[in-house]
Amino acid sequence: KLLYGWKNDSDRRRWMNYEYQTTWSFFGGKEVQQPWKAANAGAIDLAPPFQKCSVDLQADPDLITQAGVRSITVKVFYNLGDTEQVKQTTLNATKGQLSDKLEFILPTGKANYDYQIDWRLKGNKTVSSGRKSASDAVLFVDEIPAG
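This text gives an overview of the structure that appears in the document. (Residues numbered from 1 in each chain as written. Predicted model: local features only at pLDDT ≥ 70, side-chain atom pairs only at ≥ 80, totals over all residues. Heavy atoms only, no water.)

Considerations on the layout of surface pockets
Rolled over the atoms, a probe sized like a water molecule indicates the empty space that remains. Considering only enclosed or pocket space, the largest pocket measures out at about 210 Å³ in volume. Lining the largest pocket are Phe-26, Phe-27, Lys-30, Lys-52, Tyr-78, Leu-80, Gln-85, Lys-87, Glu-103, Phe-104 and Ile-105. Of all elements in the fold, only strand E6 (69-80), strand E7 (83-92) and strand E8 (99-107) reach the threshold of two or more residues within the lining of the largest pocket. Considering every element that reaches the lining of the largest pocket, the biggest residue donor is E8, with three residues. Residues belonging to the lining of the largest pocket are distributed by class as follows: six nonpolar, one polar and four charged. (1 Å grid on protein atoms, 1.4 Å probe; cavity = no way out; pocket = protein on both sides within 12 Å on 5 of 7 lines; lining within 4 Å. Points joined across faces, edges and corners; volume = space filled by probe spheres on them. Helix = DSSP H or I, 4+ residues; strand = E, 2+ residues; numbered from the N terminus. Nonpolar A, V, L, I, M, F, W, Y, C, P; charged D, E, K, R; others polar.)

Shown next, in the form of structure tokens:
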């Protein structure tokens, strides 16, 4: 017969009750600490509270040429814990690079992110979309606002 107990431990049904806390570490020194959780299982199943997401950036070469676009800079804003992060890429229209992919992390079950598109035109003029929200997996970056 095997019995668990230590000193004045008289409630043998509670010996498997415990609390645990997970801390997720990401590249760049970012950490996200989860709240304490109660458990009583013999093993802890861990699943990250975040998912990898990607946005494909695409531009129509004819529209870009007509608008006189030289480059397109896209920034994606997202939160990792309580810290806002930014991913950025620049498409070089003069070299024909009119597509790219940005990868980032979002909380599990969420698909919304913020973005901003800046177009550099001939004559060193810049037009900006301003910060917008989206949840699309494809972002068309060839629709330049009038301005």
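Let us keep going from here.
Digging into the side chain of Asp-118
Assignment of secondary structure puts Asp-118 in strand E9 (residues 113-121). Although Asp-118 lies buried, it forms no salt bridge, and the closest oppositely charged side chain, Lys-75, sits 4.8 Å away as judged by the N-O distance. A polar contact is formed between the side chain of Asp-118 and the side chain of Gln-116, at a distance of 3.2 Å. Separated by 2.7 Å, the side chains of Asp-118 and Ser-128 make a polar contact. (Buried < 20%, exposed > 50% of the residue type's maximum accessible area, 1.4 Å probe, protein only. Lys, Arg positive; Asp, Glu negative; His and termini not counted. Salt bridge = Lys/Arg side-chain N within 4 Å of Asp/Glu carboxyl O. Polar contact = N/O pair within 3.5 Å; in protein donor to acceptor, adjacent residues only side chain to side chain.)

Observations regarding the packing of aromatic side chains
Enumeration over the complete set of coordinates arrives at three aromatic pairs. When the ring of Tyr-78 is compared with that of Phe-104, the centres are 5.5 Å apart and the planes differ by 35°; the resulting orientation is tilted. Residue Tyr-78 is found in strand E6, and its partner Phe-104 is found in strand E8; the two are separated by 26 residues along the sequence. Where Tyr-113 meets Tyr-115, the ring centres are 6.4 Å apart and the plane angle is 55°; that geometry is what we call tilted. For the residue pair Tyr-113 and Tyr-115, the accessibility class agrees, reading buried in each case. Joined through ring pairs, the aromatic side chains of Tyr-78, Phe-104, Tyr-113 and Tyr-115 make up one cluster. A cation sits over an aromatic face here: Arg-131 above Phe-77, 4.0 Å from the ring centre. (Phe/Tyr/Trp six-rings, centres within 6.5 Å; stacked < 30°, edge-to-face > 60°. Lys NZ or Arg CZ within 6 Å of the ring centre and 35° of its normal.)

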